[in-house]
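# Structure at a glance
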Amino acid sequence: MVRRSGKSPELTAQELGETLVNATPQLSGYNVIKGFLNLSVSASYWGETLHALAAQKSFPQKEEKVMVEYSSPNTNKPLHLGHIRNILMGYSIAEIMKAAGYPVVKANLINDRGIHICKSMLAWQRFGNGENPQDSVLKGDHLVGKYYVVFENKLQEQTSEELAAALAGEWVCSDAKIQKRYLDTYEKLIGSKDEKQVSKFKGDIKDLVRNQSELMKSCQEMLRQWEAKDDAVIQLWSKMNAWVYEGFNRTYDRLGVNFDAMYYESNTYLLGKDIVQEGLNSGVFFKKEDGSVWIDLSSDGLDEKLVQRGDGTSVYITQDMGTADLKYKEHGIQRSVYVVGNEQDYHFKVLFLIMEKLGRSYAKGMYHASYGMVDLPSGKMKSREGTVVDADDLLQEMYDTAKAKTEELGKTDGMSESELHELYHRLSIAALKFFILKVDPRKRMLFNPQESIDFQGDTGPFVMYTYARIKSILRTANFDGETMNTDVVLHQTEMSCIKMLSEFESVVKTAAEEYNPAAICQYVLDLAKSYNKVYNEVSILKEENASLRNMRLFLASQTAQTLQRGLKLIGVETVERM
RNA sequence: GACCUCGUAGCUCAGCUGGAUAGAGCAACUGCCUUCUAAGCAGUAGGUCACAGGUUCGAAUCCUGUCGGGGUCACCA
């Protein structure tokens, strides 16, 4: 602005202030400090603003239909803390998009097939003794997860001697091809000095040995039978998957999330082959001598990327292409949000680029809501080392903490057993959701099970508390939600609270544009803090001026509503008392 | 090795489309419940915004480089 006016910042501000105050009745004055223009606003402005905000209850509707895919679990293991970040983010993004006016479809693409599923199945078949969730203390997903671990342990037992031999260069395999690959790899291992290389070759050898074991061969055989739709295998698969779904659903319910569309990889894993053909015809893809199909993305700064194997079978990205088309066909979506960890940044970059080159109309609406890992104080979560934080355990711990904390405060006289349960539940979920969602999704975050989850300070329960306290006032005042006279002089804290309320819409809009629930958390916290200042500065029930008292009740009521609406966007439910 | 990403108070994080003295919470210390719920409020203390250059009247913010953490570069998913 200074550049345009050609005058000093001070002078520019002077002139601008002068003009603005003259032209706008809501402005009562201005001053300039250090080149910054400060405008003063007239008393009635605040009441009128608040009034206008109350009249507006929803944002303009949009045409563009949005799909948010999240959770997307494997059916061989129970959910853990990493999944929780994904699930909470996905649900919240969907709610924010809805609030911003978009029609939203929440989708879950379940990875219910493949070698890892067969591992659980095989282990259960051999070592399970018919154990099932009805008779077991374990939830279905935990039961299946248990057999996945059993498989890995048995495999290790079966192969440890051979592996030791193989690393000593003394492994003999009956399959000549495998034997040759082993010897080649072993030679490279011996010749390599780079530590990274060494561990890679060791890994390769481990895979060779494991894949030759009886257990892995049976497992691969089972996968072949599954693909051939063998009755017995399909039955076992259906039965165990049903256990897992029942378990997952209980966790989803507890987290308060849901889905509108379910996709299963058992149905989608063959999709995308026609797209490969289409791409070959249009020259977007090309074929190599061995029959494998590729796309050259070097002009976009990326590499060549395989889209179909030489034997005509699919790779990961093949089915993603097919699924993208399927989603579009089924739901007519213009935007597709994939909530997936940032280790897949490259994959999605490639996928979106391919769909664009294939001329898909929806391609520019594809977005990877990428998020960082959740670390523990001990470092990365590793299932092999047993350091994963199980979702169900965590939820239970949170619940117990909420209960203990509430009982300690002793403010719940007269609440029934079920009301108390609901309170503990909502408090624990609020604490968890806030803790996870308030940090920028892109960043990796640290989760300390002992210390992280708090009920004081910048937390979900803090916001819930502000809400409950307001509701308590409104109850005793019997406030009917009507205002009378807006022309009252408000306290400084009240003005800044009204200002915050007026920012709600733009915050939601920005959060939707950036797919960022953290923006909502931050706003809701700030609003609660802002109102808590009001609460401490002014008295409502004791106010004798009827207009002022009424205006204050109105502000309280608007704040409560906005808190509630904001909390809903991150999946947190309020309570009337706590 | 190439590419992507992050580095702000003791700890966990905001701020990042350039603007006033860099903000919260936790932990520590002080106050405030005979007044609407103290899961609250007010205050003290705590910072070379990783480092070095550059662009600009002005840089935590933009650009380049260095260092450090993480990730990706599979005919795995």
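Anyway, here's the lowdown on the structure attached to this text. (Residues numbered from 1 in each chain as written. Chains lettered and ligands numbered in written order. Predicted model: local features only at pLDDT ≥ 70, side-chain atom pairs only at ≥ 80, totals over all residues. Heavy atoms only, no water.)

### Focus: the overall build of chain A
- Each helix and strand counted, chain A has 21 helices and twelve strands in total.
- Burial analysis of chain A (578 residues in total) assigns 50% to the buried set.
- As displayed, chain A has an accessible area near 28,900 Å², and 49% of this comes from carbon and sulfur atoms.
- Between the centroid of the 70 positive side chains of chain A and the centroid of its 79 negative side chains there is a distance of 2 Å. (Helix = DSSP H or I, 4+ residues; strand = E, 2+ residues; numbered from the N terminus. Buried < 20%, exposed > 50% of the residue type's maximum accessible area, 1.4 Å probe, protein only. Areas by Shrake-Rupley, 256 points an atom, 1.4 Å probe, with all protein chains shown as cover. Lys, Arg positive; Asp, Glu negative; His and termini not counted. Charge placed at Lys NZ, Arg CZ, Asp CG, Glu CD.)

### Brief notes about the sheet that holds strand S3 (residues 66-69)
- Read across the sheet, five strands follow the order S5-S4-S3-S9-S10 without closing on themselves; strand pairing throughout is parallel. With one partner strand each, in any of the chains shown, strand S5 (261-264) and strand S10 (366-371) form the two edges of the open sheet. Strand-to-strand twist in this sheet, taken as the mean axis angle between neighbours without regard to direction, amounts to 25°.
- The pairing of S3 with strand S9 (residues 335-341) spans four bridges and is classified as parallel. Following the sheet pairing, Glu 69 is matched in S9 by Tyr 338.
- Its contacts with the sheet put helix H4 (residues 81-99) on S3, strand S4 (104-110), S9 and S10, and the angle it makes with S4 is roughly 160°. (Pairing = 2+ DSSP bridges. Axes fitted to C-alpha atoms, helices over the stretch in contact; angles between N-to-C directions. Contact = heavy atoms within 4.5 Å.)

### Quick look at the nonpolar core
- Counting 128 residues, the largest nonpolar core has Val 68, Leu 81, Val 339, Leu 432, Phe 434, Val 463 and Ile 520 as the members making the most contacts within it.
- Here the element with the most residues in this core is helix H16 (residues 417-437); it accounts for twelve residues.
- Counting 26 residues, the second largest nonpolar core, distinct from the first, contains Val 293, Ile 317, Phe 348 and Leu 351. (Core = buried A, V, L, I, M, F, W, Y, C linked by side-chain atoms within 4.5 Å.)

### A word on the pattern of salt bridges
- On inspection of all chains with the given rule, the structure shows 27 salt bridges.
- Between Lys 146 and Glu 131 there is a salt bridge, with its nearest N and O atoms 2.9 Å apart. Of the two residues, Lys 146 sits in helix H6 (residues 140-167) while Glu 131 sits in the loop between helix H5 (115-127) and H6, which places them 15 residues apart along the sequence.
- In this structure, Asp 184 engages Lys 180 in a salt bridge whose closest nitrogen and oxygen atoms are separated by 3.1 Å. Note that Asp 184 and Lys 180 are positioned in helix H7 (residues 176-191) at a spacing of four residues, about one turn of the helix.
- Judged by its relative accessible area of 54%, Lys 180 is exposed. (Salt bridge = Lys/Arg side-chain N within 4 Å of Asp/Glu carboxyl O.)

### Some thoughts on the side chain of Arg 210
- Within the secondary structure, Arg 210 is located in helix H8 (residues 195-212).
- Its relative accessible area of 16% is what places Arg 210 among the buried residues.
- At 2.8 Å, the side chain of Arg 210 and the side chain of Glu 152 are in polar contact.
- The contacts of Arg 210, once residues within four sequence positions are left out, are Glu 152, Leu 155, Thr 159 and Met 216. (Polar contact = N/O pair within 3.5 Å; in protein donor to acceptor, adjacent residues only side chain to side chain.)

### Here we look at the layout of surface pockets
- If you add up the space inside the second largest pocket, you get close to 320 Å³.
- The wall of the second largest pocket is formed by 14 residues, among which Leu 409, Phe 455, Pro 461, Tyr 465 and Met 578 lie closest to the centre.
- For the lining of the second largest pocket, the elements supplying multiple residues, two or more each, are helix H15 (391-409), H16 and helix H17 (460-477).
- Residue contributions to the lining of the second largest pocket peak at four residues, all from H15.
- In the lining of the second largest pocket, the residues fall into nine nonpolar, three polar and two charged. (1 Å grid on protein atoms, 1.4 Å probe; cavity = no way out; pocket = protein on both sides within 12 Å on 5 of 7 lines; lining within 4 Å. Points joined across faces, edges and corners; volume = space filled by probe spheres on them. Nonpolar A, V, L, I, M, F, W, Y, C, P; charged D, E, K, R; others polar.)

### Here's the deal with the pairing of S9
- Within S9, seven of the seven residues are buried, leaving the element largely enclosed by the surrounding structure.
- Alternating residues of S9 divide into Arg 335, Val 337, Val 339 and Gly 341 and Ser 336, Tyr 338 and Val 340, and every residue in both groups is buried.
- Pairing of S9 with S10 involves six bridges; the strand directions are parallel. The partner of Val 339 across the bridge, within S10, is Ala 369.

### Quick notes on unusual backbone geometry
- Backbone geometry at Asn 129 places phi at a positive 50°, although glycine is not the residue there.
- Mapped onto the secondary structure, Asn 129 falls in the loop between H5 and H6.

### Focus: the environment of His 425
- Topologically, His 425 is positioned in helix H16.
- A residue is classified by how much of its surface remains accessible, and His 425, at 18% relative accessible area, is buried.

### Considering the sheet that holds strand S7 (residues 293-296)
- Strand order across the open sheet formed by three strands is S6-S7-S8, with antiparallel pairing between neighbours. Either end of the sheet is taken by a strand with one partner, and the two such strands are strand S6 (286-287) and strand S8 (304-308).

### Describing the packing of helix H12 (residues 273-282) against helix H13 (residues 316-331)
- Between H12 and H13, whose axes approach to 8 Å, the crossing angle comes to 95°. Classified by the interaxial angle, the pair formed by H12 and H13 is roughly perpendicular. In contact with Lys 273, Ile 275 and Val 276 of H12, H13 contributes Thr 318, Met 321, Gly 322 and Asp 325.
- Across the contact of H12 with H13, the residue classes tally to three nonpolar, two polar and two charged. (Parallel < 35°, antiparallel > 145°, perpendicular 65-115°, else oblique.)

### Side note on H17
- For H17, built from 18 residues, the straight-helix expectation of 26 Å at 1.5 Å per residue is met to within 8% by its first-to-last C-alpha distance of 26 Å.
- In terms of burial, H17 is largely enclosed, as 13 of its 18 residues are buried.
- The N-terminus of H17 is capped by Thr 459, whose side-chain oxygen sits 3.2 Å from the backbone nitrogen of Phe 462.
- Looking one or two places after H17, you find Asn 478, whose phi comes out positive at around 55°. (Expected span 1.5 Å × (residues − 1).)

### With respect to the state of the cysteines
- Taken as a whole and judged by the stated rule, the model has zero disulfides.
- Cys 118 takes part in no disulfide bond, and the closest cysteine sulfur, belonging to Cys 219, lies 5.2 Å away.
- In this structure Cys 173 is a free cysteine whose sulfur lies 18 Å from that of Cys 219, the closest cysteine sulfur available. (Disulfide = S-S within 2.5 Å.)

### Comments concerning the side chain of Thr 268
- Mapping Thr 268 onto the fold places it in helix H11 (residues 265-268).
- Excluding its chain neighbours within four sequence positions, the residues that come into contact with Thr 268 are Leu 109, Gln 319, Thr 323 and Leu 326.

### Considerations on the packing of aromatic side chains
- Under the defined criterion, the tally for this structure stands at 19 aromatic pairs.
- Relative to Tyr 515, the ring of Tyr 367 has its centre 4.1 Å away and its plane inclined at 20°; by these criteria the two rings are stacked. Placement of the pair is Tyr 367 in strand S10 and Tyr 515 in the loop between helix H19 (504-514) and helix H20 (517-537), with a sequence separation of 148 residues.
- Note on Tyr 367: relative accessible area 33%, which makes it partly exposed.
- An angle of 85° between the planes, with centres 5.8 Å apart, marks the rings of Tyr 399 and Tyr 424 as edge-to-face. (Phe/Tyr/Trp six-rings, centres within 6.5 Å; stacked < 30°, edge-to-face > 60°.)

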